[in-house]
Amino acid sequence: MKRRPEPELMDTEEQAQAYAAADFSDSNSLFMRLLARQARGGLPGSAALDLGCGPADIVLRLLRTYPRLHCDALDGAAPMLERARATLEDAADLDGRWQLVHDRLPSSRLADRRYDLILSNSLLHHLHDPQVLWRTVRAHANPDALVLVMDLLRPPSAGWAEALVETYVANAPEVLRSDFRNSLFAAYEPREVVEQLAEARLEDLEVGVVSDRHLAVWGRLPG
């Protein structure tokens, strides 16, 4: 199925409200399991970067699982970051361990910062130029940094996409159903992501299908 790009930002109040209220526990738990598998030998440091953090559920899970981490969390949509701030400010145990960054990629606000762990969940399919993500990884990763990027996987047909919509968001608000459908059409196939990594000279990272609707990219960069 041919890829059909969608808007890069989910920046309406309706989208932010629906997304923050939705139950993404299955996919976010999968993300954290993938991270735990990659971090079995220990995290390489204490500075983390979450690209496309949305309402910050991953940031919340991350900081509670790894108490040594500090996380910078970037998103281009102000309504999403409002939800992220409310979520993180309510978590008193995380005080001082996070910073929100309102910007799009490539981000000048990251300046010369470097990170030991770079994460992204469900951002890649929004990007019209996927290299802005991979260039950001290269530019801001410390030697031996751990990278985990998870995203939707483009299904082989429109019928398959509609079946996924009915399976996972059948009872969700129409804005969420529409966004999920559009995101499936906008997602990349594994071979396309492999090509992206080769272009970015990130061949040390692996690509795999991790669910019926997700692919992931993981690995450590050279030390």
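This text follows the structure it describes.
Presented here is a report on the structure given in the accompanying data block.

1. Quick notes on helix 3 (residues 57-65)
In step 1: Taken as a whole, helix 3 has its buried residues at Ile58, Val59, Leu60, Leu62 and Leu63.
In step 2: Buried residues along helix 3 sit against helix 2 (25-38), strand 1 (47-51), strand 2 (70-75), helix 4 (78-89), strand 3 (98-102) and strand 4 (115-121).

2. With respect to the state of the cysteines
Chemically, a disulfide is nothing more than a covalent bond linking the sulfur atoms of two cysteines.
In step 1: Counted under the stated rule, the structure contains 0 disulfides.
In step 2: As a non-bridged cysteine, cysteine 71 has cysteine 53 as the owner of its nearest cysteine sulfur, 7.9 Å distant.
In step 3: Assessed through its relative accessible area of 0%, cysteine 71 is described here as buried.

3. Description of the side chain of serine 107
In step 1: Relative to the helices and strands, serine 107 resides in the loop between strand 3 and strand 4.
In step 2: With relative accessibility at 11%, the residue serine 107 sits in the buried group.
In step 3: For serine 107, the side chain forms a polar contact with the main-chain nitrogen of arginine 109, separated by 3.2 Å.

4. Observations regarding helix 4
In step 1: Across its 12 residues, helix 4 extends 16 Å between first and last C-alpha, which sits within 8% of the 16 Å expected from 1.5 Å per residue.
In step 2: When helix 4 is considered as a whole, its buried residues turn out to be Pro79, Met80, Leu81, Arg83, Ala84 and Leu88.
In step 3: In the core, the buried residues of helix 4 are packed alongside helix 1 (13-21), helix 3, strand 2 and strand 3.

5. Remarks on the sheet that holds strand 2
In step 1: In spatial order, the strands read 3-2-1-4-5-7-6; together these 7 strands make up an open sheet with mixed pairing. A strand with exactly one partner marks an edge of an open sheet, and here the two such strands are strand 3 and strand 6 (206-209). Across this sheet, the average inter-strand angle for adjacent strands is 15°, counted without regard to direction.
In step 2: Bridge count for strand 4 against strand 5 (residues 141-152) is 6 bridges, and the pairing is parallel. Bridge pairing in strand 5 links isoleucine 118 to valine 147.

6. Examining the pattern of salt bridges
In step 1: What the rule picks out here adds up to 13 salt bridges.
In step 2: For the salt bridge of glutamate 162 with arginine 181, the shortest nitrogen-to-oxygen distance reads 2.9 Å. Here glutamate 162, found in helix 6 (residues 158-168), pairs with arginine 181, found in helix 7 (residues 174-186); they are 19 residues apart in sequence, far enough to count as distant.
In step 3: The class for glutamate 162 is partly exposed, based on a relative accessible area of 29%.
In step 4: On the basis of relative accessible area, arginine 181 is assigned to the buried category, the value being 18%.
In step 5: Here glutamate 166 ties to arginine 177 by a salt bridge, and the two come within 2.9 Å at their closest N and O atoms.

7. A short note on the pairing of strand 7 (residues 214-220)
In step 1: Of all 7 residues that make up strand 7, 6 are buried, and the element is covered over most of its length.
In step 2: Pairing geometry for strand 5 and strand 7, over 7 bridges, is antiparallel. By the bridge assignment, leucine 152 is partnered in strand 7 with histidine 214.
In step 3: Here 4 bridges tie strand 6 to strand 7, and the two strands are oriented antiparallel to one another. Each bridged residue has a counterpart across the sheet, and for glutamate 206 the counterpart in strand 7 is tryptophan 218.
In step 4: What sits between strand 6 and strand 7 in their antiparallel hairpin is a turn of 4 residues.

Reading the values: rules and limits
- Throughout, a residue's number is its position along its own chain's written sequence, starting from 1.
- Two thresholds apply to this predicted model, a pLDDT of at least 70 for residue-level local features and 80 or more for giving and counting side-chain atom pairs, whereas whole-chain, interface and lining totals are computed over all residues.
- With hydrogens and water stripped out, all remaining heavy atoms of the structure feed into the side-chain values.
- A 1.4 Å probe rolled over the protein chains alone gives each residue an accessible area, and that area as a share of the maximum for its type sets the label: buried under 20%, exposed over 50%, partly exposed in between.
- What counts as a helix is a DSSP run of H or I of at least four residues, what counts as a strand is a run of E of at least two, and both are numbered from the N terminus.
- Whether two residues touch is decided by their heavy atoms; if any such pair falls within 4.5 Å, the residues are in contact.
- A pair of sulfur atoms, both from cysteines and within 2.5 Å, is called a disulfide here.
- Whenever a nitrogen or oxygen atom comes within 3.5 Å of another N or O atom, the pair is scored as a polar contact, on the condition that within protein one atom can donate a hydrogen and the other can accept it, and that pairs from neighbouring residues in sequence are kept only if both atoms are in side chains.
- Expected span of a helix: the number of residues minus one, times 1.5 Å.
- The pairing criterion for strands is at least two bridges between them, as found by DSSP.
- Note on definitions: angles span 0 to 180 degrees between N-to-C directions of axes, and those axes are lines fitted to C-alpha atoms, for helices only across the stretch in contact.
- By convention in these notes, a salt bridge is any Lys or Arg side-chain nitrogen within 4 Å of a carboxyl oxygen on Asp or Glu.

Read these as geometric descriptors, not functional statements.
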